[in-house]
Amino acid sequence: MTLQQLRYLVAVANFGTMTAAAEALYVAQSALSRALKALEHELGAELFVREGRTVGLTAEGSRVVRLARTVLDTVTAIEDIGRVAGPESEPTLTVATTSTLAIGHVARLVSAFAAEHPEAPIEVTRYDGREGVLGAVRAGTAAIGVADAPGPGDLRTYRLAEAEVVLVSLPGTRLPDPVPWRLLDGLPMVLPGRGSERRSQFEAMFAEMGVRPIAACEHNDRVNWVAGVLNGEGSLLWYRDVAEDVFGDSAAVRSLDPPLRRGIMLVCREDARERSARLFIDLARRGGVSEPDAD
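Residues numbered from 1 in each chain as written. Predicted model: local features only at pLDDT ≥ 70, side-chain atom pairs only at ≥ 80, totals over all residues. Heavy atoms only, no water.

### Description of the overall build of the protein chain
Looking only at helices and strands, the protein chain features 11 helices and 13 strands. Reported as C-alpha extents along the three principal axes, the dimensions of the protein chain are approximately 70 × 50 × 30 Å. Taken over 295 residues, the protein chain has a buried fraction of 46%. For the protein chain, the share of sequence-separated contacts (at least 6 apart) that also reach a separation of at least 24 residues comes to 74%. (Helix = DSSP H or I, 4+ residues; strand = E, 2+ residues; numbered from the N terminus. Buried < 20%, exposed > 50% of the residue type's maximum accessible area, 1.4 Å probe, protein only. Contact = heavy atoms within 4.5 Å.)

Take a look at the structure:
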């Protein structure tokens, strides 16, 4: 087998169709298909389940994809041996994320990365929602993206963390801890602006839980979220670690009942070859990051 066959295999696993994988790799679909059929023949195992235009993985295929990714990562690491990049020649690593995650998970990762790799410049760009982050990675304006799960099929995805969503209110607000979801019905709340991606996510969540809070304060700026809570306009749903860092003792942070947790993911393009991006992912892995299919 060849490294090219392994790259083809991983691309098909990511994109879900032979056509999309071939387009992403700039190769003829017929050439890609022949290479993968040869790989199946060599292994003596079927790697794909073909259903119409989509392509899934068999159990053997999933295992080979995991191993192929390890092989490709190792080859890239070997290629890096002997390369010396000074501060002037090392390109800036751009990490795209949402405004909320930028002051939580991403801030901690960036700080650790800068301490471990002072030769590699890094910057963070902020987007209003998940789709903006994914779009930046797809377009190549960011090498790494950090956003709410789930991950898209066309990008390589790693689980970064699982964060608890909590209710943040003024200390005197008469609510139990944890707060049953039914008590959010009619509760004045600080919410993202109407028409925003984040607001749509909130509305879908409220509909699923059968509650209708009162939109007492509507902003897309996180500074205004904090001000809305501290001014007593309403309560706020936010990640626990971010809320505790931002509010400290100025607000009461309560769990929800049943609890709500959201996955945080790290994404990059499958063909990403930036040295600094791989170093950033390695750092995240040492902190417990794993790929979804590596369980």
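### Overview of the side chain of Asp-241
Mapped onto the elements, Asp-241 comes out in helix α10 (residues 240–247). Reaching out from Asp-241, the side chain makes a polar contact with the side chain of Arg-108 at a distance of 2.8 Å. (Polar contact = N/O pair within 3.5 Å; in protein donor to acceptor, adjacent residues only side chain to side chain.)

### What to know about the nonpolar core
With 54 residues, the main nonpolar core has Ile-144, Val-168, Leu-184 and Leu-237 as its most contacted residues. Apart from the residues lying within four places of it in its own chain, the contact partners of Leu-184 are Leu-167, Val-179, Met-189, Phe-206, Val-211, Arg-212, Pro-213, Leu-237 and Leu-256. (Core = buried A, V, L, I, M, F, W, Y, C linked by side-chain atoms within 4.5 Å.)

### A word on the packing of helix α1 (residues 3–15) against helix α3 (residues 29–43)
α3 packs onto α1 with a crossing angle of 105° between their chain directions and a minimal axis gap of 9 Å. Considered as vectors, α1 and α3 are oriented roughly perpendicular to each other. Here Gln-5, Tyr-8, Leu-9 and Val-12 of α1 come into contact with α3, specifically with Ala-31, Leu-32, Ala-35, Leu-36, Ala-38 and Leu-39. When grouped by side-chain class, the residues that make up the contact of α1 with α3 number 9 nonpolar, 1 polar and no charged. (Axes fitted to C-alpha atoms, helices over the stretch in contact; angles between N-to-C directions. Parallel < 35°, antiparallel > 145°, perpendicular 65-115°, else oblique. Nonpolar A, V, L, I, M, F, W, Y, C, P; charged D, E, K, R; others polar.)

### Topic: the pairing of strand β8 (residues 188–191)
Of the strand pairs in this sheet, β8 and strand β9 (residues 214–218) are connected by 4 bridges, and their pairing is parallel. Its bridge partner being in β9, Leu-191 is matched across the sheet by Glu-218. Following the backbone out of β8, through helix α8 (residues 197–209) and into the adjacent parallel β9, one traces a crossover that is right-handed. (Pairing = 2+ DSSP bridges. Right-handed = clockwise from strand over helix to strand, strands pointing away.)

### Section: the pattern of salt bridges
A complete count under the given rule lists 13 salt bridges for this structure. Its salt-bridge partner being Arg-240, residue Glu-164 comes within 2.7 Å of it at the nearest N-O pair. Taken as a pair, Glu-164 in strand β6 (residues 156–169) and Arg-240 in helix α10 lie far apart in primary sequence, 76 residues in all. For Glu-164, a relative accessible area of 14% corresponds to the buried category. (Salt bridge = Lys/Arg side-chain N within 4 Å of Asp/Glu carboxyl O.)

### What to know about the confidence of the model for the protein chain
Taken over all residues, the pLDDT of the protein chain has a mean of 87, while the share at 70 or more is 93%. Within the protein chain, the lowest mean pLDDT, 79, falls on helix α2 (residues 18–25), and the highest, 97, falls on strand β7 (residues 179–180). (pLDDT = per-residue confidence, 0-100.)

### Quick look at the packing of aromatic side chains
Within the structure shown, the criterion is met by 4 aromatic pairs. When the centroid spacing of 5.5 Å and the interplanar angle of 55° are considered together, the rings of Phe-113 and Phe-280 count as tilted. One end of the pair, Phe-113, is in helix α6 (residues 105–116); the other, Phe-280, is in helix α11 (residues 275–286), with 167 residues separating them in the sequence. Across the pair, exposure class does not vary: Phe-113 and Phe-280 are buried alike. A ring pair is formed by Trp-225 and Trp-238, whose centres lie 5.9 Å apart and whose planes are at 70°; its orientation type is edge-to-face. With Trp-225 in helix α9 (residues 222–230) and Trp-238 in strand β10 (residues 236–239), this residue pair connects regions lying 13 residues apart in the sequence. Owing to a relative accessible area of 2%, Trp-225 belongs among the buried residues under this scheme. Looking at Trp-238, the relative accessible area reads 4%, which means it is buried. (Phe/Tyr/Trp six-rings, centres within 6.5 Å; stacked < 30°, edge-to-face > 60°.)

### Quick word on the pairing of strand β2 (residues 54–57)
As defined by bridge partners, strand β1 (residues 48–51) adjoins β2 across 4 bridges and the pair is classed as antiparallel. Bridged to Val-49 within β2 is Gly-56. Counting the residues between successive antiparallel strands, the hairpin from β1 to β2 contains 2 residues, one of them, Gly-52, with a positive phi of roughly 65°.

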